[in-house]
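Secondary and tertiary structure notes
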Amino acid sequence: MKYSSLLIVISSLLMVSCFSKNKKNQVLRVAYPAQWRNLKPALQDNYYSSIILVNQFDPLVSMGVNGSLEPLGASSWEIDDEFKTFIFKIDTTKRFSNGDYLSSEDYKRSWEMALKEQPDSFNNSLKDVLYKVVGFDDYKKTGTISGILTPNKETLVIKFSTPFRKAIDELKGARFAAYKKIESIEIGTGDYIINQKSTDELLLTPNPYSSQFEKLSPIQINVVSIESALDYIEKGKLDIYFSSRPHESFKNAIEDESSGVGVLLGQDSTHSSINVNGMKNRIFSNPSYRKALQFLVLNGFKENRGNVYVKTPGFRTDHQIYLKLQAGRVSEQLVINKIQEGKPYVQELIDATKDNPIIFYYDDDSQWIMEKLKAEGLKFSEESRNINGMGPKLLDEVYKLHQSDLLTLGFSVSNGDPDGIYHILGKNGAIFSPMYHRSKISDLLETGRELYDPNVLDSFYQKVTLKALEEIPFIHLGFKTSIAIYKKSKINVNKVILNRNDNHLSAFQLK
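The notes below deal with the structure included here.

What counts, and at which threshold
- Residues numbered from 1 in each chain as written.
- Predicted model: local features only at pLDDT ≥ 70, side-chain atom pairs only at ≥ 80, totals over all residues.
- Heavy atoms only, no water.
- Pairing = 2+ DSSP bridges.
- Helix = DSSP H or I, 4+ residues; strand = E, 2+ residues; numbered from the N terminus.
- Phe/Tyr/Trp six-rings, centres within 6.5 Å; stacked < 30°, edge-to-face > 60°.
- Buried < 20%, exposed > 50% of the residue type's maximum accessible area, 1.4 Å probe, protein only.
- Lys NZ or Arg CZ within 6 Å of the ring centre and 35° of its normal.
- Axes fitted to C-alpha atoms, helices over the stretch in contact; angles between N-to-C directions.
- Parallel < 35°, antiparallel > 145°, perpendicular 65-115°, else oblique.
- Left-handed = near helix turned anticlockwise from the far one by under 90°.
- Contact = heavy atoms within 4.5 Å.
- Nonpolar A, V, L, I, M, F, W, Y, C, P; charged D, E, K, R; others polar.
- Salt bridge = Lys/Arg side-chain N within 4 Å of Asp/Glu carboxyl O.

1. What to know about the pairing of strand S5 (residues 74–79)
Bridge analysis of S5 against strand S6 (residues 85–90) gives five bridges, and the strand direction is antiparallel. Counterpart to alanine 74 in the pairing with S6 is isoleucine 90. Where S5 folds back onto S6 in an antiparallel hairpin, the turn is made up of five residues, including phenylalanine 83, whose phi is positive at roughly 55°.

2. Comments concerning the packing of aromatic side chains
Tallied over the full model, the rule gives 17 aromatic pairs. When the ring of phenylalanine 301 is compared with that of tyrosine 309, the centres are 5.7 Å apart and the planes differ by 45°; the resulting orientation is tilted. Of the two residues, phenylalanine 301 and tyrosine 309, neither departs from the other in class, the shared state being buried. Taken together, a centroid distance of 5.1 Å and an interplanar angle of 80° make the contact between phenylalanine 460 and tyrosine 461 edge-to-face. Assigned by exposure class, phenylalanine 460 and tyrosine 461 land together as buried. A network of ring pairs unites the aromatic residues Phe301, Tyr309, Phe315 and Trp368 as a single cluster. Sitting over the ring of tyrosine 361, arginine 385 keeps its end group 5.7 Å from the ring centre.

3. Notes on the packing of helix H10 (residues 332–340) against helix H16 (residues 457–471)
Think of two packed helices as two axes; the pair is described by the angle between the axes and how far apart they sit. As a packed pair, H10 and H16 sit with axes 9 Å apart at the nearest point and diverge in direction by 20°. Classified by the interaxial angle, the pair formed by H10 and H16 is roughly parallel. Seen along the crossing, H10 lies across H16 with a hand that is right-handed. Contacts between H10 and H16 pair Leu334, Val335 and Lys338 from the former with Leu466, Leu469 and Glu470 from the latter. Residue classes in the contact of H10 with H16 are distributed as four nonpolar, no polar and two charged.

4. Section: the environment of valine 335
Mapping valine 335 onto the fold places it in helix H10. Judged by relative accessible area, which is 2%, valine 335 ranks as buried. In the structure, valine 335 is positioned 16 residues away from histidine 319 in sequence and 7.5 Å away in space, judged by C-alpha atoms. Contacts of valine 335, omitting those with residues within four sequence positions, involve His319, Gln320, Val330 and Leu469.

5. Structural notes on the pattern of salt bridges
For the coordinates displayed, the defined rule picks out 32 salt bridges. Across the salt bridge formed by arginine 175 and glutamate 170, the nearest N and O atoms sit 3.9 Å from each other. Judged on exposure class, the residue arginine 175 and its partner glutamate 170 are both buried. Note that glutamate 341 and lysine 291 form a salt bridge whose closest N and O atoms lie 3.7 Å from each other. Highlighted residues: glutamate 341 in the loop between H10 and helix H11 (346–355) and lysine 291 in helix H8 (residues 287–303), separated in sequence by 50 residues. When its relative accessible area of 31% is taken as the criterion, glutamate 341 is described as partly exposed.

6. Quick word on helix H15 (residues 439–449)
Listed in full, the buried residues belonging to H15 are Ile441, Ser442, Leu444, Leu445, Glu446, Gly448 and Arg449. Elements in contact with the buried residues of H15: helix H3 (127–130), helix H5 (167–170), helix H14 (422–425) and H16.

7. What to know about the pairing of strand S12 (residues 201–206)
By the alternation rule, side chains of S12 split into Leu202, Leu204 and Pro206, which are all buried, and Glu201, Leu203 and Thr205, of which none is buried. Bridge count for strand S11 (residues 192–198) against S12 is six bridges, and the pairing is antiparallel. Each bridged residue has a counterpart across the sheet, and for tyrosine 192 the counterpart in S12 is proline 206. Between the antiparallel neighbours S11 and S12 lie two residues. Relative to strand S13 (residues 219–223), S12 runs antiparallel, the two sharing four bridges. Counterpart to leucine 203 in the pairing with S13 is glutamine 220.

8. So, the environment of arginine 438
Within the fold, arginine 438 resides in the loop between H14 and H15. Sequence separation of arginine 438 and alanine 468 is 30 residues, and the distance between their C-alpha atoms is 8.7 Å. Among all residues touching arginine 438, those that are not within four sequence positions of it are Val276, Asn277, Gly278, Arg290, Glu471, Ile472 and Pro473.

Right under this line is the structure:
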């Protein structure tokens, strides 16, 4: 299969200012609800850092606004019929911000350097692709991966040991970008240079060697709480605000098209879940207790239609891990049957919590779940806590500390191919944690990565859906819709077909 070269489409969510009609003195002001944690491609481990990093660092491919993969660092690519050998032609006209031209060696060097970094996450974030490359097992001894070849500056060859249907889609992530270290600072070939002003503020300035340089304007990025976002937009303190979910204060703006605040809703993006710590010697290492918990939580959802989740705009209750119309969906009756399997174990769980109270790290939206479970008779530890305000430190709990039994934490994965769930449930996944490792699920997912006949994907990933409802790495509450709100007097929006929340801000243009 061969993918011909296309017009390069900038993939970053913030590459809106390339449409700014040469207003170089005009700064686009963008905000997020959370910090980005770190801004090194090799250490990217959360959503907000990934969408910032891609402004400075070019992966091989990007996701276009129409949902298709498009060239970025590579101008074209070929895949063999067994999905084991991938050949990329590198766009050697692209230049790093110090003037150096991009080559295939830059990608090989970047990835091998990245594997040497000590990750903040549990797994090195590149491992979820590179572990399948020929020679990866010898990397620690040799310092190189033999299956990544650079026969010349324009050609990058990746040889996988087994078929890898989703390889190109995975390589669009910022962690697979090319970078160079100049005096210990990473530089890239993207259209911007990221300048960290503080933990809550960035300034993106144009890369002088970008082909878009004359059209680019600076971008200021800040962290603004979701509760304050609408007020900031209305008072002109902010041009664009985006989040993986709407806030209840956005309701009027969503419904009133005559307001001065524009709204762009994306597709379902963030999985809302209660993560269940199944590690050894924890209360929920017992699968029967996990089933009982799932039964109580999801029945509480059904009974309490006034809960915070259901009232929040953009939230859709859904207890399956795959979206509607995505491969792997099962009938709702099967889901109900799986949930009901926990009913016989409820009293057993209640009794167990008397001697082993549950440690629940909850947020404002999920506190009602703990109160509901208390009403059912479950005991909770005084170590339970509200995690609002923890910011990036919350990820330390997920990846390193594992002190909680239950943890409210949404996650976002690629929602196209059902293999996207591998990121969190696969043993080599970029956002994997031992808290929700279930070997019966991860073993299934390893098999799924090798399937390349589209006719078998639905039936295979239905097994993953059912196994997730049996093993319960997390209790899946539903999906939250991504949203961007913006100042209508400052911003134009190109109404295009949008693909989840990876690219919807690329539709914005400065007036």
